[in-house]
Amino acid sequence: MEFLIATLVVVIIIIIMMQLAKKDSEILNELVSNLTEEQKRKLEDNQVEDFNEKNFTWNQIGMIAKVNIKGENKVSLKVLWYNTIIQNNTLSKYQYADINMKKSDFDAKGLKNGDFVRMFIDPKNGGKIL
């Protein structure tokens, strides 16, 4: 009986992970489908800088693809970037980073949907706009 319960829990976890991956893929496909050819070319010329082999972090160009204002003090962004660093199935493909920032910082930088930005990427801890 314990084996059956453990197997059921593992199957449920796998199903949840597959649904989350499917949702992420749908979001990415939607964001990429809205890009112009010029925007795609600019993202693909990602200009990677300051690659840190030890911490596996770097800076590169990204594009704000979606802005969601969350209350008075917070902004949630989906920032598209083009992967030429991470050696997995996302190599040479578009990716997006979920970035949260203070609304005051967002406004002070004059950012808006469609803007190209320099971003810091840390695959373990997320990214941020520089």
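See above for the structure.
Counting starts from 1 at the beginning of each chain's written sequence and moves along it residue by residue. A pLDDT threshold of at least 70 governs which residues receive local features in this predicted model, and a stricter bar of 80 or more applies before side-chain atom pairs are shown or counted, although totals over entire chains, interfaces and linings include all residues. Hydrogens are left out, water is left out, and the side-chain values use all remaining heavy atoms of the structure.

1. Focus: the pattern of salt bridges
When a carboxyl oxygen of Asp or Glu lies within 4 Å of a side-chain nitrogen of Lys or Arg, that pair is called a salt bridge. Taken as a whole and judged by the stated rule, the model has five salt bridges. Between R118 and E49 there is a salt bridge, with its nearest N and O atoms 3.3 Å apart. Of this pair, R118 sits in strand β5 (residues 116-122) while E49 sits in strand β1 (residues 49-52); the two residues are 69 residues apart in sequence, bridging distant segments of the chain. Only protein chains enter the accessibility calculation, which uses a 1.4 Å probe; a residue is then buried when its area is under 20% of its type maximum, exposed when over 50%, and partly exposed in between. Since its relative accessible area comes to 40%, E49 is described here as partly exposed. K103 is the partner of D107 in a salt bridge, and the nearest nitrogen-oxygen pair spans 2.9 Å. Here K103 and D107 lie together in helix α3 (residues 103-108), a separation of four residues that amounts to about one turn. What counts as a helix is a DSSP run of H or I of at least four residues, what counts as a strand is a run of E of at least two, and both are numbered from the N terminus.

2. Quick word on the nonpolar core
Nonpolar cores are built from buried Ala, Val, Leu, Ile, Met, Phe, Trp, Tyr and Cys residues. Side-chain atoms within 4.5 Å join them into one set. Formed by 17 residues in total, the largest nonpolar core has its most connected members in I64, L77, V79 and I129. If you tally residues by element for this core, the top one is strand β3 (residues 74-82), at four residues. In what follows, residue pairs with any heavy atoms lying within 4.5 Å of each other are defined as contacts. Not counting residues within four places of it along the chain, the set of residues in contact with V79 comprises G62, M63, I64, A65, Q95, Y96, A97, I99, V117, M119 and I129.

3. What about the environment of G110?
Tracing the backbone shows G110 in the loop between α3 and β5. Residue classification places G110 among the partly exposed residues on the basis of a relative accessible area of 48%. In sequence terms G110 and F3 are 107 residues apart; their C-alpha atoms lie 56 Å from each other.

4. Brief notes about the side chain of T57
When you line up the elements, T57 lands in strand β2 (residues 57-70). The exposure class assigned to T57 is buried, which follows from its relative accessible area of 8%. When residues no more than four places from it in sequence are discounted, the contact partners of T57 are D50, F51, N52, F120, I121 and D122.

5. Quick look at the pairing of β1
Looking along a regular strand, one sees the side chains alternate between the two faces of the sheet. Strand pairing is assigned whenever DSSP identifies at least 2 bridges connecting the two strands. Where β1 and β2 come together, two bridges link them in antiparallel fashion. For E49, the partnering residue across the bridge sits in β2 and is N59. Counting the residues in the hairpin turn of β1 and β2 gives four residues, including F56, whose phi is positive at 55 degrees.

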